[in-house]
Amino acid sequence: MASKRQQLATLVDRLGLARAVLSARARALLPWEWLTVLTYHRIGDQVAPGFDPEVLDASPATFERHVRLLQRYFNLVDTRDLDAWRAGGKLPPNPAMITFDDGYRDNHDVVMPLLQRLGAKAVFFVATSYINDRRVFWWELVNHAFMTSSRDKVSLSYPHALDLPLGGHDARRAAIKTVLKLLKREEGVDLDRFLGELYAAAGLPFDRARERELADRMLMTWDQIRGLRDGGFDVQSHSYSHRVLHTLSPEEAKKDLLRARQDLEGALDKPITALAYPTGRPLGNAPALRQAVIDAGYRYGFTVDRLVTLERLNDWLDIPRMMIDQAVTDSFYRSTLALPQLAY
């Protein structure tokens, strides 16, 4: 069921107001002082059975419509344009940035050729340990364990006692959400231990060779990431381990982020200055964590939060982005580009 915000956005679009605002802005008839940054993860028609369907944000056809709409009304930028802006230059009118998080293989195989054909910029944020070690992302393994287990319940003892029923599809999705919420909030979890115990409780083998095979199908390689760079795209950091920074100590966060930057700079032979925070959680009131990001060598930090005007964009380490997912209809997309207050 559509939310009230989605219903309002649909009405705004049907009345023609979204197109009118976008057109007036593109023709410089309406002052506009927003930096529109959009977050995607995967583009495709389906994911492999048992894995996370929620990171599939749009089909190729839908994503192409998104890009064409942006090109019609906006000027696409990347972090190099932010560097020029900070150095005293100007951003182009109506700046917008397309970003991709994590490092999924379709970013290279599907997204890059589409963007090249359209002549569009984008920024790709990569979590480097998974590329190095050919490991499957931890949230994908959580999905896989619950969706493929033949048991009707999974009982966990670490880091807390949990009994999670698996009586049907909805129960399995609820169990996944419970565990992902725990891992995104709990400090000090040994992730390898947790995943090992989860797979044991689900009655599934935790086969490292099989995981590597899955990772090779799911994730980019360093050669493919270099292909993004060689294609003119901006590649930046999404941390080393993709742990929510707030669940790490400042020392652990600094070590993680520094390792990611070193991995990327070594592989790409270019400076890495920008970081998309895992899960997009803003730094907020965490001065020690903020200092860890600075000490690890980053100039920009991207969150997932409500967009703000350029006038209010006074914190380079908390640049907000708008989440895009499969629930975003074309009508909702147009309306939220025109009126970012409607975005969720």
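The written sequence of each chain sets the order in which its residues are numbered from 1. With the structure being a predicted model, the display of local features is reserved for residues of pLDDT at least 70 and the display and counting of side-chain atom pairs for 80 or more, all residues being used for whole-chain, interface and lining totals. To get the side-chain values, all heavy atoms of the structure are used, and hydrogens and water are removed first.

Caption draft 1: Seen up close, the environment of V189. Within the secondary structure, V189 is located in the loop between α8 (169-185) and α9 (191-201). Expressed as a C-alpha distance, the spacing of V189 and L248, which sit 59 residues apart in the sequence, is 9.1 Å. Residue contacts for V189: discarding those within four places in its chain leaves Y158, P159, L183, F194 and R243. Helix and strand assignments come from DSSP, with helices taken as H or I runs of at least 4 residues and strands as E runs of at least 2, each series counted from the N terminus. Residue contacts are counted whenever heavy atoms from the two residues lie within 4.5 Å of one another.

Caption draft 2: Inspection of the packing of aromatic side chains at higher detail. When the centres of two rings from Phe, Tyr and Trp lie within 6.5 Å, Trp using its six-membered ring, the rings pair. Their planes under 30 degrees apart give stacked, over 60 give edge-to-face, and anything left gives tilted. Inspection of every chain in the model, using the stated rule, returns 13 aromatic pairs. On the numbers, 5.5 Å between centres and 50 degrees between planes, the contact of F125 with F302 is tilted. Residue F125 is located in strand β6 (residues 123-126), and its partner F302 is located in strand β11 (residues 300-302); the two are separated by 177 residues in the primary sequence. You'll find F125 and F302 in the same group, each marked buried. Each residue is assigned to one of three classes by its accessible area relative to the maximum for its type, calculated with a 1.4 Å probe on protein chains only: buried under 20%, partly exposed between the two thresholds, exposed over 50%.

Caption draft 3: Structural detail: the pattern of salt bridges. When a carboxyl oxygen of Asp or Glu is within 4 Å of a side-chain nitrogen of Lys or Arg, the pair counts as a salt bridge. Applying the stated rule across the entire model yields 27 salt bridges. Across the pair D83 and R299 runs a salt bridge whose closest N-O atoms are separated by 3.0 Å. Taken together, the residues D83 in helix α4 (residues 79-86) and R299 in the loop between α13 (287-295) and β11 connect sequence positions 216 residues apart. For R299, a relative accessible area of 36% gives the class partly exposed. Measuring nitrogen to oxygen at the nearest pair gives 2.9 Å for the salt bridge that ties R134 to D216. Separated by 82 residues along the polypeptide, R134 in the loop between α6 (128-133) and α7 (138-148) and D216 in helix α10 (residues 208-218) bring together distant segments of the chain.

Caption draft 4: Just a nonpolar patch on the surface, in detail. Two distance rules govern patches: like charges are joined within 9 Å, and nonpolar side chains (Val, Leu, Ile, Met, Phe, Trp, Tyr) within 5 Å, applied only to residues with over 30% relative accessible area and no salt bridge. Where accessible areas are quoted, they stem from the Shrake-Rupley method and a 1.4 Å probe; at the residue level, only the protein chains shown are allowed to cover. Together, L8, L11, L15 and L17 make up a nonpolar patch on the protein surface, roughly 380 Å² of accessible area in all. Examined against the element boundaries, L11 turns out to sit in helix α1 (residues 4-14). On the basis of relative accessibility, which here comes to 45%, the residue L11 falls in the partly exposed class.

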